[in-house]
Structure formats: C-alpha cells, structure tokens
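# Chains, contacts and geometry: an overview
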Amino acid sequence: MEFFRIRKTIPFMRHALVLNAVSFLTFALAVFFLFHRGLHLSVEFTGGTVMEVAYEQSADIGKVRETIGTLGYQEVLVQAYGSSRDVQIRLPARKDMNATQQSDQVVQALKAVDPGVTLRGVEFVGPQVGEELTTNGLKALAMVVIGIMVYLAFRFEWKFAVSTVLANLHDVVIILGFFAFFQWEFSLAVLAAVLAVLGYSVNESVVIFDRVRENFRRYRKLTTQEVIDSAITSTISRTIITHGSTQLVVLSMFFFGGPTLHYFALALTIGICFGIYSSCFVAAAIAMWLGVKREDLVKVARKDEDPNDPNSGAVV
C-alpha cells in the first residue's frame, strides 16, 4: 500500500557526509553527557523501598503521588497493583532513613489525606539486586547487538551487518544521552524501550538493504550511490505509513498513559525518530563507504559454454 510514489530519485547520499558529521557530533555530545552527568537510575537499579498500600475505594494515583512529593521525594513510581484499590509505591533510598522509617512516614502522610489507607507490605531492594539488573541489562543489550550482526551477515553481507550495528549503537547512545542530559529517570521500562528500538531500527535497515539488493539486480548500469538513493526513495511511502502509525500509538501512551508509561513512551519516540534517520542515512552511508558493490549481493554463475558467448558468465 502506498499513499504516494516519488517518481524522481532523491539524491540522499549526496549529502551523506554532512548528515553523518551532524550524527557524529550528536553522538559525541551524548557520550559526553553520559560520562559527565550519568544516568538517573530508578529504584530497580539503585535500591530502595517498595511499599504496597490498600484503599477502601479506588485510589487516586495522581493524588497519592502528589502527597508523597510533599515529603521531598522528586522521583517516585506510583502505580496500581492488582486492582484499582491496591497501590505500589517505589521510594529511592535515603541516607537519613531506613526502609521502616520511610514506610511509616509515607503511610502517615497518606492517612492524613485518607484515613482508610492500610499498609499491606514493605520490601527493601538492596543495591546488589540493582547491580545484578544492570549487569543483566548490559548482557541483554550485547546479545541483541551480536544477534543482529549475525543475522544481517547471513542475510546480506558483512558490510551491511557492520553498518547496521554502528547505526543501531548510534540510536541507543543518543537515547541514553537524552536521558543523561535531562536527568530523566532510567528504569527497566526504559531499558525495554531501548531494546525495542534496536529491533525496530533493524527492521527499517533490512527493508532498505533488501531494496538495495533488488536494485542491484534490476539496474546494472547504476552506481552504488545511485542504487542506494533509489532504494531509500522507493521505500519512503512505506516508511511514512509504518512509522507514522507506530508513532501515533506511542504518542497515545505518552499523553494518556500516565507517569508510569511516560519515560517508556518518550524513549520510544526518540528511538523511532533517530531509527528512521540512522537507517536511511547513517547505515546506508557507512555501507557505501565500506565499498559495498553489486558483486557482494548478487551471485555470479559461470556457465560452461563457449567463452565467446556474450551470455557466458551472466549474473543471476
């Protein structure tokens, strides 16, 4: 399905050097903020107190969060747990209080607003658990990257595999750079969004590279740059339909999903935008600079015929 079709090929690769210079600058800034400011990790990674409270009627999550905010907690995860009357609260660790003192303070504040609140349970998440989650998250990220490279190397060619992995790392680092610069909370949900962006960006790259291979077979007189330009141009309509519809769903989570899905949807939004950009310009340009050519993607079959036959050694 296509909403429109561009008849004239757009010379994207003509501006590849400038666009990738901007990408490199953005990437460098993201790395700088990651090392200079670091990520604002959530309770799952740093440790803290997890509380479960119950209300007699449906709980007002926004009011609960506002009440806890008056105690000096800036980043608190408050969400419905099991039913609309059960609420789970995740508090960051504080040096001046232990888990019991924190839970008592929060319960007293909540009871001042609604005396019907009861404490169901308190659990302390230690830093060792957070360290284990961080290690497992990095392992998951590394396994995804390796899997992507192996898949693309078998499906296409190693030059495409390298260019796609570099483009994907570009997307991941820039997402993390945004979270480091603005000090947005980095939680397990955000980590899941980062892993989802990796797969999402790979899908876009595979579509473009598959069209590149098809164009190499179809247009034998075009240069590599012209083939890549034609491939990107011919997939623009599909890109707009796919990513536009996906972005509508993500934006609905961002605006109407509440604080629980806020940073998850924000990470996906950043990832989708940069994923499109990196697949079209970063990955394609790197593949072009690595010297991908027609012979890398189209097998050559030699026929045992008269060497003077013009069809001998034809590309199939």
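Rules used in this analysis
- Residues numbered from 1 in each chain as written.
- Predicted model: local features only at pLDDT ≥ 70, side-chain atom pairs only at ≥ 80, totals over all residues.
- Heavy atoms only, no water.
- Patch = residues over 30% accessible without salt bridge, like charges linked within 9 Å, V, L, I, M, F, W, Y side chains within 5 Å.
- Areas by Shrake-Rupley, 256 points an atom, 1.4 Å probe, with all protein chains shown as cover.
- Salt bridge = Lys/Arg side-chain N within 4 Å of Asp/Glu carboxyl O.
- Helix = DSSP H or I, 4+ residues; strand = E, 2+ residues; numbered from the N terminus.
- Buried < 20%, exposed > 50% of the residue type's maximum accessible area, 1.4 Å probe, protein only.
- Pairing = 2+ DSSP bridges.
- Axes fitted to C-alpha atoms, helices over the stretch in contact; angles between N-to-C directions.
- Contact = heavy atoms within 4.5 Å.
- Phe/Tyr/Trp six-rings, centres within 6.5 Å; stacked < 30°, edge-to-face > 60°.
- Polar contact = N/O pair within 3.5 Å; in protein donor to acceptor, adjacent residues only side chain to side chain.
- Expected span 1.5 Å × (residues − 1).
- Bend = angle between axes of the 7 residues up to and from the residue.
- Disulfide = S-S within 2.5 Å.

## What to know about a nonpolar patch on the surface
Where nonpolar side chains cluster on the molecular surface, the patch consists of Ile-146, Val-150 and Phe-154 and spans about 360 Å² of accessible area. Of note, Ile-146 is situated in helix 5 (residues 127-155).

## Observations regarding the pattern of salt bridges
According to the stated counting rule, one finds five salt bridges in the structure shown. Notably, a salt bridge pairs Arg-120 with Asp-86, separated by 3.7 Å at the nearest N-O pair. On the criterion of sequence distance, the pair formed by Arg-120 in strand 5 (residues 118-125) and Asp-86 in strand 4 (residues 83-92) is long-range, its members being 34 residues apart. Relative accessible area serves as the criterion here: at 57%, Arg-120 is assigned to the exposed category. A salt bridge links Arg-211 to Glu-214; the nearest nitrogen and oxygen atoms lie 3.7 Å apart. Here the residue Arg-211 and the residue Glu-214 both occupy positions in helix 7 (residues 188-218), the gap between them amounting to three residues, near one helical turn. Classification of Glu-214 by relative accessible area gives partly exposed; the value is 31%. Connected through shared salt-bridge partners, Arg-211, Glu-214 and Arg-218 make up one network.

## Points about the sheet that holds strand 5
To summarise the sheet geometry, strands pair through backbone hydrogen bonds and adopt either a parallel or an antiparallel arrangement. Spatial ordering of the open sheet is given by 3-4-2-5, a layout of four strands whose pairing is antiparallel. Strands at the two margins of the open sheet, each flanked by one partner only, are strand 3 (77-81) and strand 5. In this sheet, neighbouring strand axes are inclined to one another by 20 degrees on average, regardless of whether the strands run parallel or antiparallel. With seven bridges joining them, strand 2 (residues 48-54) and strand 5 adopt antiparallel strand pairing. Each residue of the ladder has a partner; that of Gly-48, found in strand 5, is Val-125. Strand contacts of helix 4 (residues 99-113): strand 2, strand 4 and strand 5, with the helix running at about 35 degrees to strand 2, the strand carrying the most contacts.

## Points about the packing of aromatic side chains
With the rule as written, the count across this model stands at 14 aromatic pairs. Centre to centre, the rings of Phe-32 and Phe-33 are 5.4 Å apart; their planes meet at 65 degrees, and the pair counts as edge-to-face. The exposure class of Phe-32 is partly exposed, given its relative accessible area of 45%. Classification of Phe-33 by relative accessible area gives buried; the value is 18%. Note on Phe-182 and Trp-184: the rings are 4.7 Å apart at their centroids and 10 degrees apart in plane angle, and the pair reads as stacked. Residue classification places Phe-182 among the partly exposed residues on the basis of a relative accessible area of 42%. Members of the aromatic cluster, joined through ring pairs, are Phe-32, Phe-33, Phe-178, Phe-179, Phe-181, Phe-182, Trp-184, Phe-186, Tyr-263 and Phe-274.

## Thoughts on the environment of Val-145
Its place among the elements puts Val-145 in helix 5. Accessibility expressed as a relative area gives 16% for Val-145, which makes it buried. The sequence separation of Val-145 and Ile-276 amounts to 131 residues, and the corresponding C-alpha distance is 18 Å.

## Side note on the side chain of Thr-269
Tracing the backbone shows Thr-269 in helix 10 (residues 258-289). A polar contact is formed between the side chain of Thr-269 and the side chain of Gln-247, at a distance of 3.2 Å. Ignoring sequence-local partners within four residues, the contact set of Thr-269 consists of Gln-247, Val-250 and Leu-251.

## Regarding the pairing of strand 3
With five bridges connecting them, strand 3 and strand 4 associate as antiparallel partners. In the sheet register, Tyr-81 faces strand 4, and the bridge partner there is Ser-83. If you look at the hairpin formed by strand 3 and strand 4, you'll find one residue sitting between the two strands, and Gly-82 has a positive phi there, around 90 degrees.

## With respect to helix 10
Helix length check: helix 10 (32 residues) gives 44 Å between terminal C-alpha atoms against 46 Å at 1.5 Å per residue, within 8%. Ser-278 marks the point of greatest bend in helix 10, at about 45 degrees. One or two steps after helix 10, the chain reaches Gly-291, where phi turns positive at roughly 90 degrees.

## A few points about the environment of Thr-118
Relative to the helices and strands, Thr-118 is located in strand 5. Given a relative accessible area of 40%, Thr-118 falls into the partly exposed group. Each C-alpha atom, one on Thr-118 and one on Ser-163, is 55 Å from the other, the two residues being 45 residues apart in sequence. If sequence neighbours within four positions are ignored, Thr-118 has contacts with Glu-52, Val-53 and Ala-54.

## Quick word on helix 8 (residues 224-234)
Where helix 8 is concerned, the buried positions are Val-227, Ile-228, Asp-229, Ser-230, Ala-231, Ile-232 and Thr-233. Check the buried side of helix 8 and you find it contacts helix 7, helix 9 (236-256) and helix 10.

## Brief notes about the state of the cysteines
All told, the structure shown has zero disulfides when counted by the stated rule. A disulfide-free cysteine, Cys-273 has its sulfur positioned 12 Å from the sulfur of Cys-280, the nearest such atom. Judged by its relative accessible area of 46%, Cys-273 falls in the partly exposed class. With relative accessibility at 8%, the residue Cys-280 sits in the buried group.

Don't take any of this as a statement about function, it's just geometry.
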